[in-house]
Amino acid sequence: RREINIGIYPSGFNTPPRITSLTSQPSSSSSSLTCTSTASPATTVTWRRDGQPVTIGGIYQMTQTVTNRAAATYVNVLTVNQPQASVLGDSFTCTVTNELGSDTSDSVQVTAVAVNECETNNGGCAQICTDTATSFQCSCRSGF
């Protein structure tokens, strides 16, 4: 007896990957990039920063959640913790791949919510707190 696989799959199984949205959501301590896609079978996800692969770990964390099994909808989130000035404004893309193909998103930029550290307890500074674009600086009044 020989079995031949001719590529007939149950309904919904043979869905090539398709990205339906890519969004960026900044907060004061991180920026989340959300790549929503549909595909069956499941996909692998690759994130790129300015065309280079992102290595998960350090400031980057990634999660994948199935939000609708029947529709094979996946939500892939790349979280950039405490985005530094060197990351802000960089372009990120998401590529989803399965055995039936791949799809790459348009790019989205990492942004952050501006936080004025000097507004709370003078930033912990004894005298003068100066807010900067990505941090703050303590200094002394003249004569100290």
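Conventions used here
For every chain, the first residue of the written sequence is number 1, and numbering continues from 1 onward in sequence order. The predicted origin of the model limits local features to residues at a pLDDT of at least 70 and limits the giving and counting of side-chain atom pairs to 80 or more, whereas totals for whole chains, interfaces and linings rest on all residues. Side-chain calculation: all heavy atoms of the structure are included, whereas hydrogens and water are not. Sulfur atoms of two cysteines make up a disulfide when they are within 2.5 Å. Helical segments are the DSSP runs of H or I of at least four residues, strand segments are the runs of E of at least two, and each set is numbered from the N terminus. Accessible area is worked out with a 1.4 Å probe on protein chains only. A residue is then buried under 20% of its type maximum, exposed over 50%, and partly exposed in between. Two strands qualify as a pair provided DSSP detects at least 2 bridges between them. A residue's pLDDT is the predictor's confidence in that residue, given on a scale from 0 to 100. Contact between two residues is taken to exist if any of their heavy atoms lie within 4.5 Å; hydrogens are not considered. Here, a salt bridge means any side-chain nitrogen of Lys or Arg that lies within 4 Å of a carboxyl oxygen of Asp or Glu. Structural elements are reduced to axes, namely lines fitted to C-alpha atoms, with helices fitted over the stretch in contact, and the angle between N-to-C directions of any two is expressed from 0 to 180 degrees.

Applying the stated criterion across every chain, the model contains 3 disulfides. Disulfide pairing places Cys35 opposite Cys94 at an S-S distance of 2.3 Å. Because the sign of the S-S torsion sets the handedness, a value of about -80° for the bond joining Cys35 and Cys94 places this disulfide among the left-handed ones. Taken together, the positions of Cys35 in strand E2 (residues 30–40) and Cys94 in strand E7 (residues 91–98) put the pair 59 residues apart, joining distant regions of the chain. With respect to burial, Cys35 and Cys94 carry one shared label: buried. Linked covalently through their sulfurs, Cys118 and Cys129 form a disulfide whose S-S length is 1.9 Å. Because the torsion about its S-S bond is -75°, the bridge between Cys118 and Cys129 counts as left-handed. Of this pair, Cys118 sits in the loop between strand E9 (108–109) and strand E10 (128–131) while Cys129 sits in strand E10, placing them 11 residues apart in sequence. Among the residues examined, Cys118 registers a relative accessible area of 15% and is labelled buried. Assigning the bonded cysteines of the protein chain consecutive numbers by sequence position, one obtains the connectivity 1-2, 3-5, 4-6.

Counting buried residues along E7, 6 of its 8 residues qualify, which places the element largely inside the surrounding structure. Two elements, strand E3 (residues 44–49) and E7, share 6 bridges in a ladder whose sense is antiparallel. The residue of E7 that forms the bridge with Arg48 is Thr93. In this sheet, E9 lies alongside E7 in antiparallel orientation, the contact comprising 2 bridges. By the bridge assignment, Phe92 is partnered in E9 with Val108. Of the strand pairs in this sheet, E7 and strand E8 (residues 101–104) are connected by 4 bridges, and their pairing is antiparallel. Its bridge partner lying in E8, Thr95 is registered against Thr104. Connecting E7 to the antiparallel partner E8 that follows it, the hairpin turn spans 2 residues.

The share of residues in the protein chain with pLDDT of 70 or more is 84%, and the mean pLDDT across the chain is 82. Taken as a whole, residues 1–11 scores under 50 in pLDDT and shows 2 contacts with residues more than four places along the chain or in a different chain.

Relative to strand E4 (residues 52–53), E3 runs antiparallel, the two being bridged by 2 bridges. By the bridge assignment, Arg48 is partnered in E4 with Pro53. Counted between consecutive antiparallel strands, the loop separating E3 from E4 contains 2 residues, among which Asp50 sits at a positive phi close to 50°.

Attention now moves to the pattern of salt bridges. One pass over the structure, following the stated rule, counts 1 salt bridge. In this structure, Arg49 engages Asp90 in a salt bridge whose closest nitrogen and oxygen atoms are separated by 2.7 Å. Here the residue Arg49 occupies a position in strand E3, and Asp90 occupies one in the loop between strand E6 (73–81) and E7, the gap between them amounting to 41 residues. Accessibility expressed as a relative area gives 27% for Arg49, which makes it partly exposed.

Strands sit in the order E1-E2-E6-E5 across an open sheet of 4 strands; the sheet is antiparallel. The sheet is open, and its two edges are formed by strand E1 (15–26) and strand E5 (60–68), each paired on a single side. On average, adjacent strands in this sheet sit at an angle of 20° to one another, irrespective of strand direction. With 9 bridges joining them, E1 and E2 adopt antiparallel strand pairing. Each bridged residue has a counterpart across the sheet, and for Gln25 the counterpart in E2 is Ser32.

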